[in-house]
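Here are the chains, one letter per residue:
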Amino acid sequence: MGIKTVYEDCDILVVGGGMGGTGAAYEARYWGRDLKIVVAEKANIDRSGAVAQGLYAINCYMGTQWGENNPEDHVRYARNDLMGLVREDLAFDMARHVDSAVHKFEEWGLPFMKNAETGRYLREGKWQIMIHGESFKPIVADAARKSADKIYNRIMVTHLLMDESRDNRVGGAVGFNCRTGDFHVFRAKAVIVAAGGASHIFKPRSVGEGMGRTWYAPWSSGSAYALSIQAGAKMTQMENRIVLARFKDGYGPVGAYFLHLKTYTQNAYGNEYETTWYEDTKAMVGEYIDHQPTPTCLRNHAFIQEMKAGRGPIYMVTTEAFQDPHLEEVGWENFLGMTVSQAVVWASQDIDPKYVNPELTTSEPYVMGSHATCSGAWCSGPEDLSPEEYFWGYNRMMTVDGLFGAGDAVGGTAHAFSSGSFTEGRLAAKAAVKYINDLKDEKISVTDKQVDDFKQAIYQPLDNYRIGSNEIVGGTVSPSYLLPIQGLQRLEKVMDEYVGGISVNYMTNDKMLERGIELLDIMEEDFEHIGAEDLHQLLRAWELKHRLLTSQSVAQHTLFREETRWPGYYYRGDHMKLDDENWHCLTLSRRDPETREWTMEKAPVYHIVD
Ligand SMILES: Cc1cc2nc3c(=O)[nH]c(=O)nc-3n(C[C@H](O)[C@H](O)[C@H](O)COP(=O)(O)OP(=O)(O)OC[C@H]3O[C@@H](n4cnc5c(N)ncnc54)[C@H](O)[C@@H]3O)c2cc1C
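The rules behind each value
- Residues numbered from 1 in each chain as written.
- Predicted model: local features only at pLDDT ≥ 70, side-chain atom pairs only at ≥ 80, totals over all residues.
- Heavy atoms only, no water.
- Helix = DSSP H or I, 4+ residues; strand = E, 2+ residues; numbered from the N terminus.
- Rg over C-alpha atoms; globule rule 2.2 N^0.38 Å.
- Contact = heavy atoms within 4.5 Å.
- Near = heavy atom within 4 Å.
- Polar contact = N/O pair within 3.5 Å; in protein donor to acceptor, adjacent residues only side chain to side chain.
- Areas by Shrake-Rupley, 256 points an atom, 1.4 Å probe, with all protein chains shown as cover.
- Nonpolar A, V, L, I, M, F, W, Y, C, P; charged D, E, K, R; others polar.
- 1 Å grid on protein atoms, 1.4 Å probe; cavity = no way out; pocket = protein on both sides within 12 Å on 5 of 7 lines; lining within 4 Å.
- Points joined across faces, edges and corners; volume = space filled by probe spheres on them.
- Pairing = 2+ DSSP bridges.
- Core = buried A, V, L, I, M, F, W, Y, C linked by side-chain atoms within 4.5 Å.
- Buried < 20%, exposed > 50% of the residue type's maximum accessible area, 1.4 Å probe, protein only.
- Axes fitted to C-alpha atoms, helices over the stretch in contact; angles between N-to-C directions.
- Expected span 1.5 Å × (residues − 1).
- Patch = residues over 30% accessible without salt bridge, like charges linked within 9 Å, V, L, I, M, F, W, Y side chains within 5 Å.
- Salt bridge = Lys/Arg side-chain N within 4 Å of Asp/Glu carboxyl O.
- Lys, Arg positive; Asp, Glu negative; His and termini not counted.
- Charge placed at Lys NZ, Arg CZ, Asp CG, Glu CD.
- Phe/Tyr/Trp six-rings, centres within 6.5 Å; stacked < 30°, edge-to-face > 60°.

## Here we look at the overall build of the chain
The number of helices and strands found in the chain is 16 helices and 19 strands. In summary, the chain has a C-alpha radius of gyration of 23 Å against a globular reference of 25 Å for 610 residues, a match within 12%. Across its three principal axes, the chain shows a C-alpha extent of roughly 65 × 60 × 50 Å. Nonlocal contacts in the chain, meaning residues at least 24 apart in sequence, comprise 76% of its contacts between residues at least 6 apart.

## Re the site of the ligand
The full set close to the ligand counts 34 residues, and Glu41, Ser48, Ala57, Ser370 and Ser418 are the nearest of them. Between the ligand and the protein, one listed contact pairs an oxygen atom with a side-chain N or O atom of Glu41 at 2.6 Å. Backbone polar atom of Asn59 to an oxygen atom of the ligand: 2.9 Å apart, as the coordinates give it. Taken by itself the ligand offers 990 Å² of open surface, and the protein chains cover 96% of this. Taken together, the elements giving at least two residues each to the shell around the ligand come down to helix H1 (19-31), strand S3 (55-58), strand S6 (155-162) and helix H11 (417-439). Of the residues assigned to the shell around the ligand, the class counts are 17 nonpolar, 14 polar and 3 charged.

## Side note on empty space enclosed by the protein
Inspection of every chain in the model, using the stated rule, returns 1 cavity of 30 Å³ or more. The calculated volume of the largest cavity comes to roughly 30 Å³. Lining the largest cavity are Arg205, Ser206, Asp249, Tyr251 and Thr361. Split into classes, the residues belonging to the lining of the largest cavity amount to 1 nonpolar, 2 polar and 2 charged.

## Description of the pairing of strand S19 (residues 598-604)
Pairing of strand S18 (residues 585-591) with S19 involves 7 bridges; the strand directions are antiparallel. From the neighbouring strand, Cys585 faces S19, where its bridge partner is Pro604. Linking S18 back to S19 in an antiparallel pair, the connection comprises 6 residues, with Arg596 at a positive phi of about 65°.

## Notes on the sheet that holds S18
In spatial order, the strands read S14-S9-S18-S19; together these 4 strands make up an open sheet with antiparallel pairing. Among the strands making up the open sheet, the edge pair consists of strand S14 (376-377) and S19. Pairing analysis gives 2 bridges linking strand S9 (residues 235-236) to S14, with the strands arranged antiparallel. Looking at S14, one finds that Thr236 is bridged to Gly376.

## Topic: the nonpolar core
Membership of the largest hydrophobic core comes to 106 residues, with the highest contact counts inside it found for Leu13, Leu160, Phe176, Val191 and Leu403. With 9 residues, helix H15 (residues 535-560) is the largest single contributor of residues to this core. Beyond its immediate stretch of four places on either side in the chain, Phe176 contacts Arg154, Ile155, Met156, Thr158, Asp182, Ile458, Tyr459, Leu535, Leu538, Leu539 and Trp542. Membership of the second largest hydrophobic core comes to 25 residues, among which are Ile45, Ile192, Ala432 and Ile436.

## A few points about the layout of surface pockets
Summary: where empty space remains is shown by rolling a probe the size of a single water molecule over the atoms. By volume, the second largest pocket amounts to about 900 Å³. In terms of lining residues, the second largest pocket is bounded by 29 residues, among which His159, Gln230, Phe454, Pro593 and Arg596 are the most central. Elements with a contribution of two residues or more to the lining of the second largest pocket: S6, helix H12 (448-468), H15 and S18. With 7 residues, the single largest contributor to the lining of the second largest pocket is H12. Tallied by class, the residues present in the lining of the second largest pocket amount to 11 nonpolar, 6 polar and 12 charged.

## A closer look at the sheet that holds strand S12 (residues 314-317)
Strands sit in the order S10-S13-S12-S11 across an open sheet of 4 strands; the sheet is antiparallel. Each edge of the open sheet is held by one strand with a lone partner, namely strand S10 (245-247) and strand S11 (264-266). Adjacent strand axes in the sheet meet at a mean angle of 40° when their direction is disregarded. As judged from the 3 bridges shared by S11 and S12, these two strands associate in the antiparallel manner. Within S12, the residue paired with Tyr264 across the bridge is Val317. Its contacts with the sheet place helix H8 (residues 296-308) against S10, S12 and strand S13 (359-362), and it is angled at close to 105° to S13.

## A closer look at helix H4 (residues 136-147)
Because each turn of an α-helix spans 3.6 residues, side chains separated by three or four positions in sequence point in the same direction. For H4, built from 12 residues, the straight-helix expectation of 16 Å at 1.5 Å per residue is met to within 8% by its first-to-last C-alpha distance of 17 Å. All buried positions along H4 are accounted for by Phe136, Lys137, Ile139, Val140, Ala141, Ala143, Ala144 and Ser147. Against the buried residues of H4 lie H1, S3, helix H3 (88-107), strand S4 (129-133), strand S5 (150-152) and H11.

## Some points on the environment of Ser100
Within the secondary structure layout, Ser100 lies in helix H3. For Ser100 and Pro293, which are 193 residues apart along the polypeptide, the C-alpha to C-alpha distance reads 26 Å.

## Observations regarding a negative patch on the surface
Residues Asp521, Glu525, Glu528 and Glu597 make up a contiguous surface patch of negative charge. The residue Asp521 is located in helix H14 (residues 510-527) in this model.

## Observations concerning the packing of aromatic side chains
Inspection of the entire model under this criterion finds 33 aromatic pairs. On the numbers, 6.0 Å between centres and 70° between planes, the contact of Trp108 with Phe422 is edge-to-face. Residue Trp108 is located in the loop between H3 and S4, and its partner Phe422 is located in helix H11; the two are separated by 314 residues in the primary sequence. Judged by its relative accessible area of 26%, Trp108 is partly exposed. A relative accessible area of 0% means that Phe422 is categorised as buried. Relative to Tyr481, the ring of Tyr465 lies with its centre 5.0 Å away and its plane at 35°, an arrangement referred to as tilted.

## Some points on a nonpolar patch on the surface
On the surface, a nonpolar cluster with roughly 250 Å² of combined accessible area is contributed by Leu336, Val340 and Val344. Examined against the element boundaries, Leu336 turns out to sit in helix H9 (residues 325-336).

Next up, the structure:
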């Protein structure tokens, strides 16, 4: 094939050098002084992942040293926001360690805003602390670089390798360099997947000229889920997609506006609207509507209902706060550190928030395990906390031996955010080191055949294009291949129309889901004919495959859960109520790697914190 193969044998391979991955590399070195630690990253760890552009707030900090919050409080908060369903062992474990990660960030040079009176970190909200965070990612990347033996940037990891000497054990990963085209084979005793969440699986609101703008990072291609699913790992809560109320067209964040600037929302006629929908929501979810703070999905529900009632747009009232020059400055700076494009959109649409109240909208759905929802792999918890069903030997290990997760990859731990994802990377790495030490001299076996088969499959789209393009004389439509952009748009359309996207007001039902699943299966067949013009398109092709697998998982989970647990995130039209009697549980799936059949089951929710 004329493609160079680069082999790397190591102890721990970290896939994805975002927040979880950098935390994993750092901690792996602390516990595994003599181990060989390697990171494989699709972009460049200095500016990769959801924090690439920087952040303005660290959203998860307990402040236990000052008696502000305890880990139990955070578990209660996350549980409440997720309508009762989180993995409380994982959530508690993250919360009890997260402060120490934040203290490391400060030690490494991240500038924190301080409260002038108390000297403590400046709070934006109960859990959020404010930072000058443009440099956040390069700072954690530096810690990872100093810890790892080698960082491979520009490697798109496409598949995990399996150990052939023992059933259900990982053996490394393969991928390709998006710049040189080299084929990379990482043979590893343990793999930590930290490859981020999924955007662009549902049709986005911003299409055409705005297509690159999404709320979650556009380059988050669901790899954390797809890699794990392909290896046969169990997934949990994949139906728990997230929809965000954000500034329209730029997806600019609203947290600092609500919490720090004290701005508020109103409908087109200047009225508060959330109370209008109180009884309607109560009829669907019962007493959950009385919980404080109101779960995010229920606030979305009121927003969506108000729009459907014809009283949109919904506005954020900024014109009052922006009269204060300090708050005006904070309002703009909030975007400069994180979502510059929102400021640009406002400028281009003649919106000066000092004089004009900007519109909000609800986004298309995204899938993730670290922000305010908790989709991801079904992982073992820590031994001192987890009940039997949640514990199988090593913290954050998936149901495949030697395969660990962090950040968006791990299911059940909502509201981890940047600091919590980094912390999860640390926890996973500590456990991975123990796993390797327990293996002693046991070797991993990966045959050339396994590697060669993957090599053939990975580069096939280049051949499909080269051969198929000879059949056409112009244009982009070929009878023999599908381009990645065409495949992406097909995927987004199916997910949007059948699995509860924006064009159906987040509504779906069993029949829609069954048809959606059929169309996704057809797409899986068609993926064999995807054509890639160059290495960049090859990257796009494999990102599409990962998005497709993630989408199949989301659709299967959504079909399985016969209730509307999170109105405002999605609705099952055939089961419009929350049903605690039958569905106060977690959902689990496994896709058989051989047959590609999905198996679904329920798992208990244990309330460890009262
Ligand atoms: C718009 C937005 C706003 C946010 N605001 C805040 C905030 O204000 N405060 C806060 O604390 N948190 C915030 N977060 C959350 C925080 O960014 C995430 O929780 C965190 O980054 C998740 O960490 P992760 O390691 O799972 O994923 P990421 O940090 O996204 O890292 C994933 C990494 O994997 C790499 N990768 C992906 N696929 C592959 C592949 N196939 N092969 C190799 N590498 C791959 C990516 O390039 C990336 O480097 C925000 C997130 C977003 C998107």
